[in-house]
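Reading the structure
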Amino acid sequence: MDIAEIVAVTGVPGLFKVAARRNDGLIVTSLVDDKTQFLSSRTHLFSTLDNITLFTTDEPAVLKDVLAAIKKNEGKHPVPDVKDDAKLKAWLEAVLPNYDKEKVHVSDMKKLAKWYNILNAKSLIEELTAEKKTEEKAEGGEETERKEVKKDIAKKEPKAKAVKSDKSSKGS
């Protein structure tokens, strides 16, 4: 499963996998209880998880990278209960030390913890980090392919230059 297939929907708790697209909305399957339902785009907004970022003091952090960091630090810093605001702040500080403390609210931290728990229960975090490794390998392959194309272009003979003719029209 790709992270672009998972959506968060306004007004509906949880995360959903896109089952089908229609002109007036999406047919989605809940990752919590596996129920399939139609959600209209007239009343709901859809955000794919690959488009979500967290504010940091530097560049915004992509949600995929944040989830991978949470998984990496889960042994040292387990996900706290979402009802305890102080523990949530300390947890995010440990996992993502450069998050923007003014722009990232406690409600955002709660949502992040809930989403992580949903994805981790379905073992999707591992799948996302595995995709990241294969993408890095694919990018390396593209670079060598680009170099080979450049070499092929350099080997080709240069094209003959067009000769400009200087015709000057003499007035009568």
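Note: the structure precedes this text.
First, a word on scope: everything that follows refers to the structure included in this document. Not measured: the values here are computed from a predicted model.

Focus: the sheet that holds strand β3 (residues 25-30)
Sheet architecture is open: five strands sit in the order β4-β3-β2-β1-β5, paired in antiparallel fashion. Sheet topology places β4 (36-40) and β5 (46-48) at the edges, where each strand pairs with a single neighbour. For this sheet the average axis-to-axis angle between neighbouring strands, irrespective of direction, equals 45°. Relative to strand β2 (residues 15-22), strand β1 (residues 6-9) runs antiparallel, the two sharing three bridges. The residue of β2 that forms the bridge with Ile6 is Lys17.

Details of the nonpolar core
Counting 32 residues, the largest nonpolar core has Leu15, Leu49, Ile70, Trp91, Leu92, Leu112 and Leu119 as its most contacted members. Broken down by element, this core gets its largest block of residues, eight residues, from helix α3 (residues 106-121).

Brief notes about α3
For α3, with 16 residues, the first-to-last C-alpha span of 23 Å sits near the 22 Å given by 1.5 Å per residue. Positioned one or two residues after α3, Ser123 has a phi angle of 60°, which is positive.

Some points on the environment of Glu127
One can find Glu127 in helix α4 (residues 124-155). Given a relative accessible area of 29%, Glu127 falls into the partly exposed group. When the C-alpha positions of Glu127 and Ile3 are compared, they lie 9.3 Å apart, and in sequence the two are 124 residues distant.

A closer look at the pattern of salt bridges
Within the structure shown, the criterion is met by seven salt bridges. With its nearest N and O atoms 3.4 Å apart, the salt bridge here joins Lys71 to Glu74. Where Glu126 meets Lys71, a salt bridge forms, and the shortest distance between an N and an O atom there is 3.0 Å. Remark: Lys71 occurs in helix α1 (residues 63-72) and Glu126 occurs in helix α4; sequence separation between them is 55 residues. Residue classification places Glu126 among the partly exposed positions, given a relative accessible area of 36%. With a relative accessible area of 26%, Lys71 lands in the partly exposed category.

As for the side chain of His44
Considering the arrangement of structural elements, one finds His44 in the loop between β4 and β5. Among the residues examined, His44 registers a relative accessible area of 16% and is labelled buried. Of note is the side chain of His44, whose polar atom sits 2.9 Å from the backbone oxygen of Thr10. Beyond its immediate chain neighbours, meaning those up to four positions away, His44 contacts Val9, Thr10, Val12 and Leu39.

Focus on the packing of aromatic side chains
Taken as a whole and judged by the stated rule, the model has zero aromatic pairs. The ring of Phe38 carries the charged tip of Arg22 above its face, separated from the ring centre by 4.6 Å. A cation sits over an aromatic face here: Lys101 above Tyr99, 4.8 Å from the ring centre.

Procedures and definitions
- Residues numbered from 1 in each chain as written.
- Predicted model: local features only at pLDDT ≥ 70, side-chain atom pairs only at ≥ 80, totals over all residues.
- Heavy atoms only, no water.
- Pairing = 2+ DSSP bridges.
- Helix = DSSP H or I, 4+ residues; strand = E, 2+ residues; numbered from the N terminus.
- Axes fitted to C-alpha atoms, helices over the stretch in contact; angles between N-to-C directions.
- Core = buried A, V, L, I, M, F, W, Y, C linked by side-chain atoms within 4.5 Å.
- Buried < 20%, exposed > 50% of the residue type's maximum accessible area, 1.4 Å probe, protein only.
- Expected span 1.5 Å × (residues − 1).
- Salt bridge = Lys/Arg side-chain N within 4 Å of Asp/Glu carboxyl O.
- Polar contact = N/O pair within 3.5 Å; in protein donor to acceptor, adjacent residues only side chain to side chain.
- Contact = heavy atoms within 4.5 Å.
- Phe/Tyr/Trp six-rings, centres within 6.5 Å; stacked < 30°, edge-to-face > 60°.
- Lys NZ or Arg CZ within 6 Å of the ring centre and 35° of its normal.

Geometric values such as these leave the question of function open.
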